[in-house]
Amino acid sequence: TPYNQNIKRLEFCRIAASYHNSLTGSKTPSYTASVFTDTDDPSVQYAAELGIITGRGNKIFSPDDAITRQEMSVMLTRLLSSCSLNVSVSGADTVNELSAYTDTDRLQSWAVTSMVFCLKNGIIKGMSSTELWPEYHTTREQAITTIYRCFDKYVPDDKKRELYSPLPTADG
């Protein structure tokens, strides 16, 4: 799959579940019932259980829809919060992080705090020095980059070594 194509909501949930499991040592459980009527994917169910996603309403998740940059910021902060990380921001942070961008009027109120947290912590960057593009779809490359930035910033070095260690050989 080309990395410059938009990432789907289902794909991002799979990445988010994997990140959560890497950071917490958890495993994605099996599910017998789905909270959504349009997907029974275990990663989506797990992300819902963790509070990373809530769906579109009426038990609809829309797994094949692309996610926007502002939706991704919300999912990322919920993901980090589910790993017991503090994702709060101050009013001063909001002013400081958004003042350079001329398109913040397109940032939805439900995404402001998450976008500010992601900008402040270098997880998401503007598309230029003056444009944030909150309502634009996220490419797979951008999603992978943001997850890598979360991994690099929040996973302790000893855990990184453990996760990056070579696979065992057949003889031990």
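Residues numbered from 1 in each chain as written. Predicted model: local features only at pLDDT ≥ 70, side-chain atom pairs only at ≥ 80, totals over all residues. Heavy atoms only, no water.

A. A look at the overall build of the chain. Broken down by element type, the chain carries seven helices and zero strands. Helices and strands appear in the chain in the N-to-C order α-α-α-α-α-α-α. Its C-alpha radius of gyration of 17 Å places the chain within 12% of the 16 Å reference for a compact globule of 172 residues. Viewed in the frame of its principal axes, the chain has a C-alpha envelope of about 60 × 40 × 30 Å. Expressed as a percentage of its 172 residues, the buried residues of the chain come to 41%. As displayed, the chain has an accessible area near 9,400 Å², and 49% of this comes from carbon and sulfur atoms. Each charge sign in the chain was given a centre, from 17 positive and 20 negative side chains, and these centres are 2 Å apart. (Helix = DSSP H or I, 4+ residues; strand = E, 2+ residues; numbered from the N terminus. Rg over C-alpha atoms; globule rule 2.2 N^0.38 Å. Buried < 20%, exposed > 50% of the residue type's maximum accessible area, 1.4 Å probe, protein only. Areas by Shrake-Rupley, 256 points an atom, 1.4 Å probe, with all protein chains shown as cover. Lys, Arg positive; Asp, Glu negative; His and termini not counted. Charge placed at Lys NZ, Arg CZ, Asp CG, Glu CD.)

B. Structural detail: the packing of helix α1 (residues 9–24) against helix α2 (residues 42–50). Where α1 contacts α2, the axes come no closer than 8 Å and their chain directions differ by 65°. The handedness of the crossing between α1 and α2 is left-handed. Residues L10, C13, R14, A17, H20 and N21 of α1 pack against S43, V44, Y46, A47 and L50 of α2. Grouping the constituent residues of the contact of α1 with α2 by class yields seven nonpolar, three polar and one charged. (Axes fitted to C-alpha atoms, helices over the stretch in contact; angles between N-to-C directions. Left-handed = near helix turned anticlockwise from the far one by under 90°. Contact = heavy atoms within 4.5 Å. Nonpolar A, V, L, I, M, F, W, Y, C, P; charged D, E, K, R; others polar.)

C. Structural view of the packing of α1 against helix α3 (residues 69–82). Running from N to C, α1 and α3 point in directions that differ by 25°, and their axes come no closer than 10 Å. As far as their axial angle goes, α3 and α1 are roughly parallel. In the packing of α1 onto α3, the handedness of the crossing is right-handed. Touching R9, F12, A16, Y19 and H20 of α1 are E71, M72, M75, L76, L79, L80 and S82, all from α3. A breakdown of the residues in the contact of α1 with α3 according to their chemical character gives eight nonpolar, two polar and two charged. (Parallel < 35°, antiparallel > 145°, perpendicular 65-115°, else oblique.)

D. Seen up close, the environment of S84. Relative to the elements of secondary structure, S84 occurs in the loop between α3 and α4 (91–98). Judged by its relative accessible area of 69%, S84 falls in the exposed class. Taking the C-alpha atoms as reference points, S84 and T24, 60 residues apart in sequence, are found 9.3 Å from one another.

E. Examining α2 more closely. Considered for burial, the residues of α2 that qualify are S43, V44, Q45, Y46 and A47. If you follow the buried residues of α2, they end up packed against α1. The N-cap of α2, judged by a side-chain oxygen 2.8 Å from the amide nitrogen of S43 a few residues on, is D41. Phi turns positive, to about 85°, at G51, one or two residues after α2. (Polar contact = N/O pair within 3.5 Å; in protein donor to acceptor, adjacent residues only side chain to side chain.)

F. Broad picture of the packing of aromatic side chains. Applying the stated criterion across every chain, the model contains two aromatic pairs. Centre to centre, the rings of F36 and F61 are 5.3 Å apart; their planes meet at 45°, and the pair counts as tilted. One end of the pair, F36, is in the loop between α1 and α2; the other, F61, is in the loop between α2 and α3, with 25 residues separating them in the sequence. Just as F36 is buried, F61 falls in that class too. Between R9 and the ring centre of F61, over which it is positioned, the NZ or CZ distance is 4.4 Å. (Phe/Tyr/Trp six-rings, centres within 6.5 Å; stacked < 30°, edge-to-face > 60°. Lys NZ or Arg CZ within 6 Å of the ring centre and 35° of its normal.)

G. Representation of helix α6 (residues 140–154) in the model. Over its 15 residues, α6 extends 21 Å from the first C-alpha to the last, a length consistent with the 21 Å expected when each residue adds 1.5 Å. Residues of α6 that are buried in the fold lie against α1, α3, α5 (112–120) and α7 (157–164). (Expected span 1.5 Å × (residues − 1).)

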